[in-house]
Amino acid sequence: MSQLRALLFDVDGTLADTERDGHRVAFNRAFREAGLDWDWTPALYGELLAVTGGKERMLYYLERFRPDFARPADLADFVASLHKAKTRHYTAMLDSGAIPLRPGVARLIAEAREAGCLLGIATTTTPDNVTALLRNSLAPDAADWFDVIAAGDIVPRKKPAPDIYLWAMEQLRVSPAECVALEDSRHGLDSALRAGIRAVVVTVNGYTADQDLGDAPLVVDSFGEPGAPARCLGGVVAVAGEVGLDTLRALHATATG
Ligand code: XBP
Ligand code: MG
């Protein structure tokens, strides 16, 4: 039976609730700054989350909702420059302390470090966003706590493709059977499962709570903390208040045993 050697964390929705009050707001600021009339409401943004990746999401918005918008000849450059502005706004929000970690995240990461687990990030978002979140919400040097940060355009196909997990595991020199992945969404779960990681915790949030996650090995509403216990919504192991390393080891054992 394989040992649990590495925890691979998704970022948006998992480490922090970043989408509605973070990424969405930063997109809208970039649109306004560019003189565009695009306005992504919370409800519309929920639909746009069907597509992962900020640049891909803007192209999807144009295709699906804005047939009226006169496309510039250099659409890819136009979207890339809007996205750069969006990243600037988003990282400024993080630098101002606007987005905290979800309950239990810091505790779980500290526990994993203490136990000598490898730590990785596997995310669709831009690398600068990851380091800004870690720096502002965990510790100034928190990015160095991670043995790999797999993010953004480093792979050609974003989640739900398995590529980002495969790349992270290659860097860590671990096999899928040695990992637990922590996700928040259907796309993230698919990405991890397709990469062969069978031990996946899905910690749902406002945008993902209603997704069909029946095949997830463990679904919780948070990682849990004293005074704010995690609620188990489904899966094959029990959770008593907090998702800790013992929970992840038990989950891992059900997948590899
Ligand atoms: C979340 C995403 C990202 C962010 C925006 O990915 O889909 O697109 O919404 O980030 P994950 P960028 O949950 O895998 O972290 O604008 O930097 O692409
Ligand atoms: Mg996510």
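Everything below is about the structure shown above.
Structural notes, computed from the coordinates. Quantities reported herein were computed from a predicted structural model and do not represent experimental measurements.

**Examining the pairing of strand 3 (residues 148-151)**
Okay, step 1: In terms of strand pairing, strand 2 (residues 118-123) meets strand 3 through four bridges, oriented parallel. Its bridge partner lying in strand 3, Ile 121 is registered against Ile 149.
Okay, step 2: Once the chain exits strand 2 it traverses helix 6 (residues 127-137) before rejoining the sheet at strand 3, and the crossover so formed is right-handed.

**Overview of the packing of helix 5 (residues 105-114) against helix 9 (residues 245-256)**
Okay, step 1: The N-to-C vectors of helix 5 and helix 9 enclose an angle of 75 degrees; their axes lie 10 Å apart at closest approach. Compared by their axis directions, helix 5 and helix 9 come out roughly perpendicular. Residues Leu 108, Glu 111 and Ala 112 of helix 5 form the contact with helix 9, whose own contacting residues are Leu 245, Asp 246 and Leu 248.
Okay, step 2: Grouping the amino acids of the contact of helix 5 with helix 9 by side-chain chemistry returns four nonpolar, no polar and two charged.

**Points about the pattern of salt bridges**
Okay, step 1: Across all of its chains, the model carries 18 salt bridges by this definition.
Okay, step 2: A salt bridge links Asp 68 to Arg 66; the nearest nitrogen and oxygen atoms lie 3.1 Å apart.
Okay, step 3: Given a relative accessible area of 12%, Arg 66 falls into the buried group.
Okay, step 4: Each of the salt bridges in this network shares a partner with another, and the network as a whole consists of Lys 55, Glu 56, Asp 153 and Lys 158.

**Here we look at the site of ligand 1**
Okay, step 1: Taken together, 19 residues sit near ligand 1, with Gly 54, Arg 57, Lys 86, Thr 123 and Thr 126 positioned nearest.
Okay, step 2: With respect to ligand 1, the side chain of His 83 contributes an N or O atom lying 2.7 Å from an oxygen atom.
Okay, step 3: Secondary structure elements with two or more residues in the shell around ligand 1: helix 1 (19-33), helix 3 (54-65) and helix 4 (75-95).
Okay, step 4: Here the shell around ligand 1 takes three residues from helix 1, the largest share from any one element.
Okay, step 5: Along the lines of polarity and charge, the residues of the shell around ligand 1 split into three nonpolar, 10 polar and six charged.

**Points about the packing of helix 1 against helix 4**
Okay, step 1: Remark: helix 1 packs on helix 4, axes separated minimally by 8 Å, with the N-to-C direction vectors making an angle of 130 degrees. Between helix 1 and helix 4, the crossing angle belongs to the class labelled oblique. Between helix 1 and helix 4 lies a crossing whose hand is right-handed. Contacts between helix 1 and helix 4 involve Asp 21, Gly 22, His 23, Val 25, Ala 26, Phe 27, Arg 29, Ala 30, Phe 31 and Glu 33 from the former and Leu 82, His 83, Ala 85, Lys 86, Arg 88, His 89, Tyr 90 and Met 93 from the latter.
Okay, step 2: Per-class residue counts for the contact of helix 1 with helix 4 are nine nonpolar, four polar and five charged.

**With respect to unusual backbone geometry**
Okay, step 1: Note the cis peptide between Lys 159 and Pro 160, where omega equals 15 degrees.
Okay, step 2: Tracing the backbone through its elements, the reader meets Pro 160 in the loop between strand 3 and helix 7 (163-172).
Okay, step 3: Positive phi is not limited to glycine here, since Arg 173 has a value of about 55 degrees.
Okay, step 4: Following the sequence through the fold, Arg 173 ends up in the loop between helix 7 and strand 4 (179-183).

**Considering the coordination of the magnesium ion (ligand 2)**
Okay, step 1: With distances of 2.2 Å, the protein atoms coordinating the magnesium ion (ligand 2) are Asp 10 (OD), Asp 12 (O) and Asp 184 (OD).
Okay, step 2: Ordering the donors of the magnesium ion (ligand 2) by residue number gives the pattern D-x1-D-x171-D. With Asp 10 in the loop between strand 1 (6-9) and helix 1 and Asp 184 in the loop between strand 4 and helix 8 (186-194), the pair connects residues that are 174 residues apart, well separated along the chain. Considered together, Asp 10 and Asp 184 belong to a single accessibility category, that of buried residues.

**Quick look at helix 1**
Okay, step 1: Taking 1.5 Å as the rise per residue, helix 1 with 15 residues should run 21 Å; its terminal C-alpha atoms sit 20 Å apart, in good agreement.
Okay, step 2: Turning to helix 1, its buried residues number three or more, namely Glu 19, Gly 22, His 23, Arg 24, Val 25, Ala 26, Phe 27, Asn 28, Ala 30 and Phe 31.
Okay, step 3: Its buried side turned inward, helix 1 meets helix 2 (42-48), helix 3, helix 4 and helix 6.
Okay, step 4: Phi for Gly 35, located one or two positions after helix 1, is positive at around 75 degrees.

**Considerations on the packing of aromatic side chains**
Okay, step 1: Within this structure, the stated rule accounts for 13 aromatic pairs.
Okay, step 2: An aromatic cluster is defined as three or more aromatic residues linked by ring pairs; in this entry it consists of Phe 27, Phe 31, Trp 38, Trp 40, Tyr 45, Tyr 61, Phe 65, Phe 69, Phe 78 and Tyr 207.
Okay, step 3: It is Lys 86 that lies over the ring of Phe 27; its NZ or CZ is 4.5 Å from the centre.
Okay, step 4: Lying over the aromatic face of Trp 145, Arg 113 brings its terminal NZ or CZ to 4.0 Å of the ring centre.

What counts as what
- Residues numbered from 1 in each chain as written.
- Chains lettered and ligands numbered in written order.
- Predicted model: local features only at pLDDT ≥ 70, side-chain atom pairs only at ≥ 80, totals over all residues.
- Heavy atoms only, no water.
- Pairing = 2+ DSSP bridges.
- Helix = DSSP H or I, 4+ residues; strand = E, 2+ residues; numbered from the N terminus.
- Right-handed = clockwise from strand over helix to strand, strands pointing away.
- Axes fitted to C-alpha atoms, helices over the stretch in contact; angles between N-to-C directions.
- Parallel < 35°, antiparallel > 145°, perpendicular 65-115°, else oblique.
- Contact = heavy atoms within 4.5 Å.
- Nonpolar A, V, L, I, M, F, W, Y, C, P; charged D, E, K, R; others polar.
- Salt bridge = Lys/Arg side-chain N within 4 Å of Asp/Glu carboxyl O.
- Buried < 20%, exposed > 50% of the residue type's maximum accessible area, 1.4 Å probe, protein only.
- Near = heavy atom within 4 Å.
- Polar contact = N/O pair within 3.5 Å; in protein donor to acceptor, adjacent residues only side chain to side chain.
- Left-handed = near helix turned anticlockwise from the far one by under 90°.
- Donors = N, O, S within 2.8 Å, 3.2 Å for Na, K, Ca; no water.
- Expected span 1.5 Å × (residues − 1).
- Phe/Tyr/Trp six-rings, centres within 6.5 Å; stacked < 30°, edge-to-face > 60°.
- Lys NZ or Arg CZ within 6 Å of the ring centre and 35° of its normal.

By themselves, these are just geometric observations and shouldn't be taken as functional.
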